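Geometric and topological summary
This is what each chain is made of:
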Amino acid sequence: MSDYRFFDRLRADAAAERRAIVAGLLASPSTIAPKHFYDSVGCALFGAICELPEYYPTRTERAIFAGHREEIVDSIGPGRQFVDLGAGDCCKAQVWLPFLAPKRYIAIDIAGDALTRALARMAPEFPQLEVTGIVADLTRALDLRGDLGDAPTLFFYPGSSIGNFTPDEARRFLTDIHLHCIVSIGSGLLIGVDTKKDPRRLTAAYDDALGVTAAFNRNVLRNVNRIVDANFDATAFAHIALYDQAHGRIEMHLESRVPQTVRIDGTSRVFAAGERIHTEYSYKYTPAEFTTLLQDAGFASVRCWQDRARDFAVYWAT
Ligand code: AVI
């Protein structure tokens, strides 16, 4: 049976979301939250980024998972409820299901259409599994108590998406997860996190030769046009990716190529030539830094696995 439950917890917030986007655009410096990258074109472009030679995180994480699968499975234990945070196409989680034999799979993502497609594809392949999709914004407080019950839960947050939060936001998010974990012994968080490394490799990963990341960045303007009735010309903005060593983060911006006036929700915003719209942070953590963050969030026990070059790290925190 290809059955699954589906809840959209985003729709109610649409007006507030539009107001937040307009406020960010009219602010100085102007900002767009990275969650707005992920319309259907943005999801497809992100899928392409993950295949690029410069973008090492996806394949490195996959190799760590594959190389340490048994140890990781032994650490987690079977029969957990599996909560897939930022599930996307659900493919990363799906690899684990035969090994972890969860009873329930709860996939959470902000991109509702992509999640529907993923669950319609996946649910029939796992007829014994109780499958739920939740469309939700992980940048807001996470409350899954009504969805989870008392069974031990595995929270799965791969791909270094935690890096798209500031460290303070990351601590709050991890604390929310820890609060869910203490409800039931055996719960924990399996999370993938990018590490600090040569700035040239980091900037290349976010400014690839083919220009896929540039298209991903500019596409956010098309999405914003649709959501808030604006008239951004995506080609009038240049993609900027830089590594800020002091903060240990990649920054992505869109830089106005020319002086221009953009209509945003009935008002006008002038962008000077060279003025930037900030679109994303991607923080990188040493294992020591990220272990401290997990401990600050309340996790008492942390295991870490890395690839040989230490380009990426995977943590199991309980
Ligand atoms: C989703 N997130 C972890 C990606 C990252 O690496 O920060 C998003 C991304 N932005 C540009 N390339 C990939």
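As a starting point, this report considers the structure included with it.

Cut-offs applied
- Residues numbered from 1 in each chain as written.
- Predicted model: local features only at pLDDT ≥ 70, side-chain atom pairs only at ≥ 80, totals over all residues.
- Heavy atoms only, no water.
- Phe/Tyr/Trp six-rings, centres within 6.5 Å; stacked < 30°, edge-to-face > 60°.
- Helix = DSSP H or I, 4+ residues; strand = E, 2+ residues; numbered from the N terminus.
- Lys NZ or Arg CZ within 6 Å of the ring centre and 35° of its normal.
- Core = buried A, V, L, I, M, F, W, Y, C linked by side-chain atoms within 4.5 Å.
- Buried < 20%, exposed > 50% of the residue type's maximum accessible area, 1.4 Å probe, protein only.
- Contact = heavy atoms within 4.5 Å.
- Near = heavy atom within 4 Å.
- Polar contact = N/O pair within 3.5 Å; in protein donor to acceptor, adjacent residues only side chain to side chain.
- Areas by Shrake-Rupley, 256 points an atom, 1.4 Å probe, with all protein chains shown as cover.
- Nonpolar A, V, L, I, M, F, W, Y, C, P; charged D, E, K, R; others polar.
- Domains from an automatic or database assignment.

1. Concerning the packing of aromatic side chains
Evaluated as defined, the whole model comprises 20 aromatic pairs. Summarising the aromatic geometry, the rings of Tyr55 and Tyr206 are spaced 5.9 Å apart at their centres and angled 75 degrees between planes, so their arrangement reads as edge-to-face. Within this pair, whereas Tyr55 is found in the loop between α2 (40-49) and α3 (56-67), its partner Tyr206 is found in the loop between α9 (199-205) and α10 (212-228), the two being separated by 151 residues in sequence. The residue whose ring lies beneath Arg201 is Tyr56, and the NZ or CZ to ring-centre distance is 5.0 Å.

2. Considerations on the nonpolar core
In terms of nonpolar packing, the biggest core is built from 34 residues, with Leu221, Phe232, Phe237, Ile264 and Ile277 touching the most fellow members. Elements with a minimum of two residues in this core: α1 (14-26), α2, α9, α10, β8 (237-244), β9 (249-256) and β10 (260-264). Top element by residues in this core is α10. It accounts for six residues. Non-local contacts of Leu221, meaning those with residues more than four positions away in its chain, are made with Ile32, Phe232, Ala234, Phe237, Leu254 and Ile277. Residues Tyr157, Tyr283, Tyr285 and Ala317 belong to the second largest nonpolar core, which totals 32 residues.

3. So, the environment of Val262
Residue position: Val262 is located in strand β10. Apart from residues no more than four positions distant in its own chain, Val262 is found in contact with Asn231, Phe232, Thr267, Ser268, Arg269 and Phe271.

4. Digging into the site of the ligand
The environment of the ligand is formed by 14 residues, the closest being Tyr55, Asn164, Tyr206, Glu280 and Ser282. Between a nitrogen atom of the ligand and a side-chain N or O atom of Asn164, the distance comes to 2.9 Å. Glu280 is positioned such that a nitrogen or oxygen atom in its side chain is 2.7 Å from a nitrogen atom of the ligand. Contact with the protein chains hides 97% of the accessible area of the ligand, taken as 340 Å² for the molecule alone. Taken together, the elements giving at least two residues each to the shell around the ligand come down to α2, α10 and β12 (276-283). Along the lines of polarity and charge, the residues of the shell around the ligand split into seven nonpolar, six polar and one charged. Composition of the shell around the ligand by domain shows at least three residues from each of domain 1 (21-52 + 202-283) and domain 2 (53-197 + 285-317).

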